[in-house]
Amino acid sequence: MLTVATGNKAVAAAVKAAKPAVVAAYPITPQTEIVEQIAEYVTSGEMDARYIPVESEHSAMTACIGASITGVRSFTATSSHGLLYMHEMLHWAAGARLPIVMANVNRALGPGWNVWAEHSDAFSQRDTGWIQIFVGTVQEAYDTTLMAFRIAEDQGVLLPVMVNLDGFTLSHIMQSLETLDPGDYIPPLVLPHRIDTENPAGYGTLTGPADYFKFRWGMEKAMRTAPSVIRDAEEEFFRRFGRRYGPVEEYLCEDADVVVVALGTLGVEAEVAVDLLRKEGIKAGSMRIRWFRPFPDLDVAGRDLVVLDRGYSFGFGGVLSDSIRSRYPSASIYSVVAGLGGQEVTYDDIADFIRDRKMGEEYWFGVDA
Amino acid sequence: MFEIRIHSRGGQGGVTAARLLAMASFLDKKHATAAPFYGAERRGAPVVSFVRIDDQQIKIYSQIRSPNLIIVLDGSIMDSVDVLQGIQPGGTVLINSPHPVDLPNVNVLTIDLTGIALSVNLVVAGSPILNTPVLGALAKMGVITRESAEAAIRGMFTDERNVQAAEAAFKELIV
Amino acid sequence: MIRMAEIPKEEYLEKCTTACAGCTSSLTLRYVLKAAGPDTVLVVPACCTSILQGTYPNTAFSVPVYNIAFAAAAACASGMSEAFSSIGKKTNVIVYAGDGGTVDIGIQALSGALERGTDFLYICYDNEAYGNTGMQRSGATPMGARTTTTPGGKTDAKKDIDRIVAAHNIPYQATATPAYPKDLFDKVKTALATPGPSFIHVLAPCPPGWRIASDMSVAVGKMAVKTGSWVLWERKYGELSISAPSKGAMKKRAPLREYLSLQGRFKGISESVVNELEQSIEKNLARLAKEEAGEC
Ligand SMILES: Cc1ncc(C[n+]2csc(CCOP(=O)(O)OP(=O)(O)O)c2C)c(N)n1
Ligand code: SF4
Ligand SMILES: [Mg+2]
């Protein structure tokens, strides 16, 4: 069905279509609309799920863990401080190999209170073992949320998936949306290690180094399997529903001398900057990275990369730049720290970053050095 | 691309007006995005929302800096906010007001949306609803079609008075 | 009881707040700060009060306000209170937290601080939902109330935080509402004069959340007391006394319907839920009367 929706409503609609058995969530700006919409679906009977209105995000994630280990599908959504408050249980969910799907509406961190877009919330969960995907449009938020269940529940993966969408910029914007019936695109969940009283086992028991090590390696093996599973989920999505996605959304990259690299909505707006620069004769392109973990392969050889860093590792550098640099040590990078705390970054600004790039350097946009 | 900025107060329905307008444009087979700018607003605080309408996919997320059309749902905002900021040369301002308003160098249209809402008793929690009647005015201005305006309203509200108010605004606005 | 004319004229919450018109939480704050005076620090977790201060570098307060994470107010106050006393300062440390920050996410830190005997005043202003995020249910939302996450009306009962706090046997505990400002003012004074932890639970009617007109919030607060939905009392070192406005109400209660029908959030409430609410009022009143009479 063709309609218009906000990013938040799109996520809620996708969750409805994915039919989780349990949703446990806690409100936080700018994610609230997702929770409210799901509560509405459940109350009206449009969605046959248990909705647990928990008293904190720590409990939201933990309730999902409790539900998931019984072998049912579960979902939650959060943002910013809510995600941070879950942190302990994010490690738990991934370590316990539970295919929980979560929408994270990216927002800055306090103090001071700031409710606008930034990627630090997701970045600070980078090493928890969650698969992380960033989306750039309302439709993509919907489609990716559906894919997330299929990817998380794949027997070769069995890791939780976080779908990231920019706070307000995407969560609250209204764009066109085509909803669909996923049919058997998401096969029924089979959790091999689910709790089963017929087959009792201890879960999370004290574990010595040798076994512990195996479990950790199992997580990494799953991460290394994930790219082919995600590609397959994206291919199959295209085959069935006609919209194509990949690890990186490339725009006019083939012959580009300079490529702007970004996540989320900044990466969409960057395409407008690329069009502007092309008119000036500058061979610019754009790479919008969708999967942040596992990190995708990038074609960085022989071109300048202007990386928009919407999150920073203090004492080190822009988080996205760092990921690229450590994967491709020879990459030529100009790191632009921009968009923190919802800072406006327009296509004109992005075009300026490209025109004025100083390769190998870092630039904090909007700060007088 | 046609860019619109809507000024209202928190609770007056400016955000809903933007969403209805995007919906109507979409029904007109155009691309549209509607985005509220969220500050830490509370009931009664001035708020803005943005609508973009185009024939192609809209990839811009940053705020509208030079709108073609500015809609002011609450005239009292003009005392504290420069509603004309960045307006395109030759741009238009649509103001909810029972009286003509004179502003230099722009096309000004006025319509008494509050009066229209009250006349059909379109009042919720003591406040007249402005977001549906304004759609009628926008249809008259040719921003959206009359049919799509009505369909968008019916898609969001079941109370027919919303459509009546939009109809009344359509008839009343002189362009 | 203090006379209205004796309440200090000084304002520590300026008129430039960004609270909604008719917000009784900000009204409460005005009286709290008048009672506390300038040597006071407010500790505020995420809630409406985080917003109504305005935007940096402005602040609507003329006492320091320390904003802290949602779950963390009482723990922050613990550190602050110990620090002030370690350097010999008598500064009032007051947590001003919403119901969500108290009965839900903040309950662990609150319980810890009470148990440790922290010298501070914890005020929970109860608008019976998450106001900051647009009125979702909280543990303090009453049964039957519609919120954005209970569109059909809440099916669970309001969590009785007062009895949970009472189980910590703290020196001073009270309930209040700004519809009775003198009572509120006196209780804050008493709390601050009592060493160790104090807890005041304030009912704060909220126009957008309760779906009432902005000029009705004080009247609704009065009606809460008159119907016995909200009972004003204080407990000093374990001795309970029911406060004057509620004494009157207990003799002849206004019908509960008169309170509910003033508020849009109870629209369409079923007869059986009204009965449940009625029964819980009766139970609560009976329990308090017994305790006051020393019968428990
Ligand atoms: C860990 C965390 N989760 C969620 C939020 C979002 N949040 C901020 S205030 C609030 C509700 C506050 O409700 P309450 O304590 O009742 O105060 P009120 O807003 O009603 O004044 C929520 C859910 C947050 N800031 N931090
Ligand atoms: S939502 Fe309610 S509590 Fe919050 S500022 Fe408005 S009136 Fe006050
Ligand atoms: Mg509250």
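Everything in this summary refers to the structure shown in the same document. What you see is a predicted model, and the numbers here were worked out from it, not measured in a lab. (Residues numbered from 1 in each chain as written. Chains lettered and ligands numbered in written order. Predicted model: local features only at pLDDT ≥ 70, side-chain atom pairs only at ≥ 80, totals over all residues. Heavy atoms only, no water.)

## Structural notes on the interface of chain C and chain A
Taken together, the contact pairs 19 residues of chain C with 17 residues of chain A. Interface area, chain C with chain A, both sides summed: about 1,300 Å², of which 65% is carbon and sulfur. The interface formed by chain C and chain A contains zero salt bridges. Where chain C meets chain A, there are five residue pairs in polar contact (both at pLDDT 80 or more). Tallied by class, the residues present in the side of chain C that touches chain A amount to eight nonpolar, nine polar and two charged. (Contact = heavy atoms within 4.5 Å. Buried area = accessible area lost by both parts, 1.4 Å probe. Salt bridge = Lys/Arg side-chain N within 4 Å of Asp/Glu carboxyl O. Polar contact = N/O pair within 3.5 Å; in protein donor to acceptor, adjacent residues only side chain to side chain. Nonpolar A, V, L, I, M, F, W, Y, C, P; charged D, E, K, R; others polar.)

## Examining the interface of chain B and chain A
Each side of the interface is counted separately: chain B has 17 residues, and chain A has 27 residues. Across the interface of chain B and chain A, roughly 2,000 Å² is buried in total on both sides, 62% from carbon and sulfur atoms. The interface formed by chain B and chain A includes three salt bridges. Ionic pairing is found between A:Glu33 and B:Arg19, a salt bridge with its closest N-O pair at 3.8 Å. Where chain B touches chain A, the interface holds seven residue pairs in polar contact (both at pLDDT 80 or more).

## Examining the pairing of strand E5 (residues 92-96) of chain B
Residue and element names in this part refer to chain B. Most of E5 sits out of view: five of its five residues are buried. Neither face of E5 is left uncovered, since the one carrying Thr 92, Leu 94 and Asn 96 and the one carrying Val 93 and Ile 95 both have all their residues buried. Pairing between strand E4 (residues 69-72) and E5: four bridges, direction parallel. Bridging across to E5, Ile 71 finds its partner in Leu 94. Note that E5 and strand E6 (residues 107-111) share five bridges and pair parallel. Bridge pairing links Val 93 to Val 108 in E6. (Buried < 20%, exposed > 50% of the residue type's maximum accessible area, 1.4 Å probe, protein only. Helix = DSSP H or I, 4+ residues; strand = E, 2+ residues; numbered from the N terminus. Pairing = 2+ DSSP bridges.)

## Quick notes on the coordination of the magnesium ion (ligand 3)
All names here are of chain C. The coordination sphere of the magnesium ion (ligand 3), as far as protein atoms go, consists of Asp 99 (OD), Asn 127 (OD1) and Ala 129 (O), spread over 2.0 to 2.1 Å. Along the chain, the residues donating to the magnesium ion (ligand 3) fall in the pattern D-x27-N-x1-A. Taken together, the residues Asp 99 in helix H4 (residues 99-104) and Ala 129 in the loop between strand E4 (121-126) and helix H6 (161-166) connect sequence positions 30 residues apart. For the pair formed by Asp 99 and Ala 129, the shared burial category is buried. (Donors = N, O, S within 2.8 Å, 3.2 Å for Na, K, Ca; no water.)

## What about the sheet that holds strand E17 (residues 362-364) of chain A?
All names here are of chain A. As summarised here, the arrangement of the six strands in space is E9-E11-E10-E13-E16-E17, forming an open sheet in which the pairing is mixed. The strands lining the two open edges of the sheet, one partner per strand, are strand E9 (248-251) and E17. Recorded for the sheet is a direction-independent mean angle of 20° between the axes of neighbouring strands. In terms of strand pairing, strand E13 (residues 304-309) meets strand E16 (residues 332-337) through six bridges, oriented parallel. By the bridge assignment for E16, Asp 309 is matched with Val 337. Across the sheet, helix H11 (residues 347-355) is in contact with strand E10 (258-263), E13, E16 and E17; its angle to E13 comes to roughly 140°. (Axes fitted to C-alpha atoms, helices over the stretch in contact; angles between N-to-C directions.)

## So, the site of ligand 1
Taken together, 21 residues form the shell around ligand 1, and within it A:Glu57, C:Gly101, C:Tyr125, C:Gly131 and C:Asn132 come nearest. Between ligand 1 and the protein, one listed contact pairs an oxygen atom with a side-chain N or O atom of C:Asn127 at 2.9 Å. Starting from 590 Å² of accessible surface for ligand 1 in isolation, the protein chains cover 98%. Residue contributions to the shell around ligand 1 peak at three residues, all from H4(C). In the shell around ligand 1, the residues fall into eleven nonpolar, eight polar and two charged. (Near = heavy atom within 4 Å. Areas by Shrake-Rupley, 256 points an atom, 1.4 Å probe, with all protein chains shown as cover.)

## Quick notes on the packing of aromatic side chains
One pass over the full model with this rule turns up 20 aromatic pairs over all chains. Taken together through their ring pairs, the aromatic side chains of A:Phe123, A:Phe134, A:Phe292 and A:Phe295 make up a single cluster. Above the plane of the ring of A:Phe292 lies A:Arg293, whose end atom (NZ or CZ) is 4.6 Å from the centre. Across from the ring centre of A:Tyr347, 5.9 Å away, lies the NZ or CZ of B:Arg65, which sits over that ring. (Phe/Tyr/Trp six-rings, centres within 6.5 Å; stacked < 30°, edge-to-face > 60°. Lys NZ or Arg CZ within 6 Å of the ring centre and 35° of its normal.)

## Regarding the environment of B:His31
All names here are of chain B. By secondary structure assignment, the location of His 31 is in strand E2 (residues 31-37). A C-alpha to C-alpha distance of 5.7 Å links His 31 and Asp 55, two positions 24 residues apart in sequence. If near-sequence neighbours (up to four positions away) are discounted, His 31 is found in contact with Arg 52, Ile 53, Asp 54, Asp 55, Gln 56, Gln 57 and Ile 58.

## A short note on the packing of helix H1 (residues 7-18) of chain A against helix H7 (residues 138-153) of chain A
When two helices pack together, you describe them by how their axes are tilted relative to each other and by the distance separating the axes. Residue and element names in this part refer to chain A. At a minimum axis separation of 8 Å, H1 and H7 run at an interaxial angle of 30°. Between H1 and H7, the interaxial angle falls into the category roughly parallel. Of the two possible hands of crossing, H1 and H7 adopt the one that is right-handed. Of the residues in H7, those in contact with Gly 7, Ala 10, Val 11, Ala 13, Ala 14, Val 15, Ala 17 and Ala 18 of H1 are Val 138, Ala 141, Tyr 142, Thr 145, Leu 146 and Phe 149. Counted by class, the contact of H1 with H7 contains twelve nonpolar, two polar and no charged residues. (Parallel < 35°, antiparallel > 145°, perpendicular 65-115°, else oblique. Left-handed = near helix turned anticlockwise from the far one by under 90°.)

## Examining the site of ligand 2
Close to ligand 2 lie eight residues; C:Cys20, C:Cys23, C:Cys48, C:Asn127 and C:Cys206 are nearest. Positioned at a junction of chains, ligand 2 has nearby residues supplied by chains B and C. Of the residues assigned to the shell around ligand 2, the class counts are six nonpolar, one polar and one charged.

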